[in-house]
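An overview of the molecular structure
Chain by chain, the residues:
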Amino acid sequence: MVAIRENESIYSRRNHYSLMNMQYENSSKLRSLKLNRRNSAVLAVMLFALAAVALPAAAETTNPATECIKNAAGDITNQADCWLNDGVDDGLQLVTFFLFFVGYISMGAAFVFFMSERGNVGKEHRTTMTISALIVGIAAFHYYYMRGVYVDHQVVSIEYRYMDWIITVPLMALKFPSLVGKDAITDEKFLGMGFTGVCFTGAIIMIAFGYLGEAGLLLDGSATGGMLGLVLGGVGWGMIIVATGTPWTNGKGVDNSKIPEDLLWSANALRWFIVVGWIIYPLGYLFSPKADIINIGSEGELWMGIAYNIADMINKIGFGVVAWMGAKKAAEVTA
């Protein structure tokens, strides 16, 4: 009987200590959650304050409503100020101008959102949120400069565009393993490279040949050279698809069975962006003047810029949003 009472006493103490540990862990999680939310709120306020200081500078731009002034001979004397209202491609020029400005603002807003949400997801997905913020933050700076080039020189810059892509596209590929987790990344090789190597090499091939084709540096800037840049760039795109997979298949570098169920939807959404969302880019490439595939004069450059701006906003911001949704759902499941 004494032994039984001693055992009951031991079990009672163990249960008591176990209950205390659970309460302590729950209390610690609650404090951590409150701290993360407070830090996120402080960060959001700081970023919005920074945006408030930066926006007035961004607003210093050509006024689309400026009237053109003509001299006695009928020549416009203030072409630099009224080019968006001179009767030549005004509609397409205004849409291009609008999308550059909206791209800059929306990328900046997405940066603020992703950084402020970084503390509201699990530790294992904070890197994912950081990468999402880097992608749109870098794009926001480049869009600011592309908008400036367009306003000052009436040119849709491909140089700043490719400077942006050479940084952000590899980051977009890197975000996939940071979301699904290292256990879901396989050891399978493709062309002697693992998942990261295939994605980075594919991104470099896609961007390098895309630029060579759009800059008119392949086969003396002929239409054949432009088509060659498009096809070889597509090879790089195909390499990324082979590594990450499609919404209905595993990739060479990804095992769907090892992706947590609460993250599988987001992983497949990222694949939809890569497989379908990225199609907008080659459509824009077709109108690039120096690629010389579809030649419609000065309007070609504008259609190219419109397609690229829409594609960037959809894919860069959307890529981050679906990753955030998955990370948020995973955090709620494990809370």
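Residues numbered from 1 in each chain as written. Predicted model: local features only at pLDDT ≥ 70, side-chain atom pairs only at ≥ 80, totals over all residues. Heavy atoms only, no water.

**Quick look at the overall build of the protein**
Per the secondary structure count, the protein includes 10 helices and 0 strands. Starting at the N terminus and ending at the C terminus, the protein contains elements arranged as α-α-α-α-α-α-α-α-α-α. For the protein, the residues scored as buried account for 43% of the 335 residues in total. For the protein, restricting intrachain contacts to residue pairs at least 6 apart in sequence, the fraction spanning at least 24 positions comes to 72%. Working note: accessible area of the protein is about 17,200 Å², and carbon and sulfur atoms make up 65% of it. (Helix = DSSP H or I, 4+ residues; strand = E, 2+ residues; numbered from the N terminus. Buried < 20%, exposed > 50% of the residue type's maximum accessible area, 1.4 Å probe, protein only. Contact = heavy atoms within 4.5 Å. Areas by Shrake-Rupley, 256 points an atom, 1.4 Å probe, with all protein chains shown as cover.)

**Topic: the pattern of salt bridges**
The tally for this structure, following the rule as stated, stands at 5 salt bridges. Residue Asp164 is joined to Lys316 by a salt bridge in which the shortest nitrogen-to-oxygen separation is 3.2 Å. With Asp164 in helix 5 (residues 159-180) and Lys316 in helix 10 (residues 298-334), this residue pair connects regions lying 152 residues apart in the sequence. Both residues of the pair, Asp164 and Lys316, belong to the buried class. Ionic contacts of the salt-bridge type, sharing partners, join the residues Arg161, Asp164, Asp312 and Lys316 into one network. (Salt bridge = Lys/Arg side-chain N within 4 Å of Asp/Glu carboxyl O.)

**Quick notes on the packing of helix 8 (residues 261-275) against helix 10**
Direction vectors running N to C along helix 8 and helix 10 enclose 175 degrees, while the axes themselves pass 8 Å from each other. Relative to helix 10, the element helix 8 is oriented roughly antiparallel. Listed contacts from helix 10 to Asp262, Leu263, Trp265, Ser266, Ala269, Leu270, Phe273 and Ile274 of helix 8 are Ile314, Asn315, Gly318, Phe319, Val322, Met325, Gly326, Ala327, Lys329, Ala330 and Val333. Broken down by class, the residue content of the contact of helix 8 with helix 10 amounts to 13 nonpolar, 4 polar and 2 charged. (Axes fitted to C-alpha atoms, helices over the stretch in contact; angles between N-to-C directions. Parallel < 35°, antiparallel > 145°, perpendicular 65-115°, else oblique. Nonpolar A, V, L, I, M, F, W, Y, C, P; charged D, E, K, R; others polar.)

**What to know about empty space enclosed by the protein**
If you walk through the whole model with that rule in mind, you get 1 cavity of 30 Å³ or more. Forming the walls of the largest cavity are Glu188, Lys189, Phe190, Met193, Gly194, Phe195, Val198, Ala243, Lys252 and Gly253. Among the residues making up the lining of the largest cavity, the classes are represented as 5 nonpolar, 2 polar and 3 charged. (1 Å grid on protein atoms, 1.4 Å probe; cavity = no way out; pocket = protein on both sides within 12 Å on 5 of 7 lines; lining within 4 Å. Points joined across faces, edges and corners; volume = space filled by probe spheres on them.)

**With respect to unusual backbone geometry**
Backbone geometry at Leu219 places phi at a positive 50 degrees, although glycine is not the residue there. Within the chain, Asp292 stands out as a residue other than glycine whose phi angle is a positive 60 degrees. Mapped onto the secondary structure, Asp292 falls in the loop between helix 9 (280-285) and helix 10. Classification of Asp292 by relative accessible area gives partly exposed; the value is 30%.

**Quick notes on the side chain of Gln93**
Following the sequence through the fold, Gln93 ends up in helix 3 (residues 90-117). When residues no more than four places from it in sequence are discounted, the contact partners of Gln93 are Trp83, Leu84, Asp86, Val88, Tyr150 and Leu302.

**Topic: the packing of helix 4 (residues 126-153) against helix 10**
Orientation of helix 4 relative to helix 10, taken along the N-to-C sense of each, is 160 degrees, at an axis distance of 9 Å. Taken together, the axes of helix 4 and helix 10 lie roughly antiparallel to each other. For the element pair helix 4 and helix 10, the recorded crossing hand is left-handed. Along the contact surface, helix 4 presents Thr128, Met129, Ser132, Ile135, Val136, Ala139, Tyr143 and Tyr150, while helix 10 presents Leu302, Tyr308, Asn309, Asp312, Lys316, Ile317, Gly320, Ala323 and Trp324. Here the contact of helix 4 with helix 10 is built from residues that sort into 11 nonpolar, 4 polar and 2 charged. (Left-handed = near helix turned anticlockwise from the far one by under 90°.)

**Let's talk about helix 8**
Spanning 15 residues, helix 8 covers 21 Å between terminal C-alpha atoms, matching the ideal 21 Å at 1.5 Å per step. Most of helix 8 is tucked away: 11 of the 15 residues are buried. Every buried residue of helix 8 is accounted for by Asp262, Leu263, Ser266, Ala267, Asn268, Ala269, Leu270, Arg271, Phe273, Ile274 and Val275. On its buried face, helix 8 is in contact with helix 5, helix 7 (223-244) and helix 10. (Expected span 1.5 Å × (residues − 1).)

**Topic: the nonpolar core**
Grouped together as the largest cluster of nonpolar side chains are 71 residues, with contacts concentrated most on Met107 and Trp278. Contributing elements (two or more residues each) for this core: helix 3, helix 4, helix 5, helix 6 (195-214), helix 7, helix 8, helix 9 and helix 10. If we skip the residues at most four places from it in the chain, Met107 touches Val136, Ala139, Ala140, Tyr143, Asp312, Met313, Lys316 and Ile317. (Core = buried A, V, L, I, M, F, W, Y, C linked by side-chain atoms within 4.5 Å.)

**Overview of the confidence of the model for the protein**
Mean pLDDT for the protein: 83, with 80% of residues reaching 70 or above. Across the protein, the element-wise mean pLDDT spans from 51 in helix 1 (residues 2-58) up to 96 in helix 9. Every residue in residues 28-33 is under pLDDT 50, and counting partners more than four places away or in other chains gives 1 contact. (pLDDT = per-residue confidence, 0-100.)

**With respect to the environment of Gly233**
Assignment of secondary structure puts Gly233 in helix 7. Between the alpha carbons of Gly233 and Ile205 there is a distance of 5.9 Å; along the sequence they are 28 residues apart. In this structure, Gly233 is in contact with Ile205, Met206 and Phe209, ignoring residues within four places of it in sequence.

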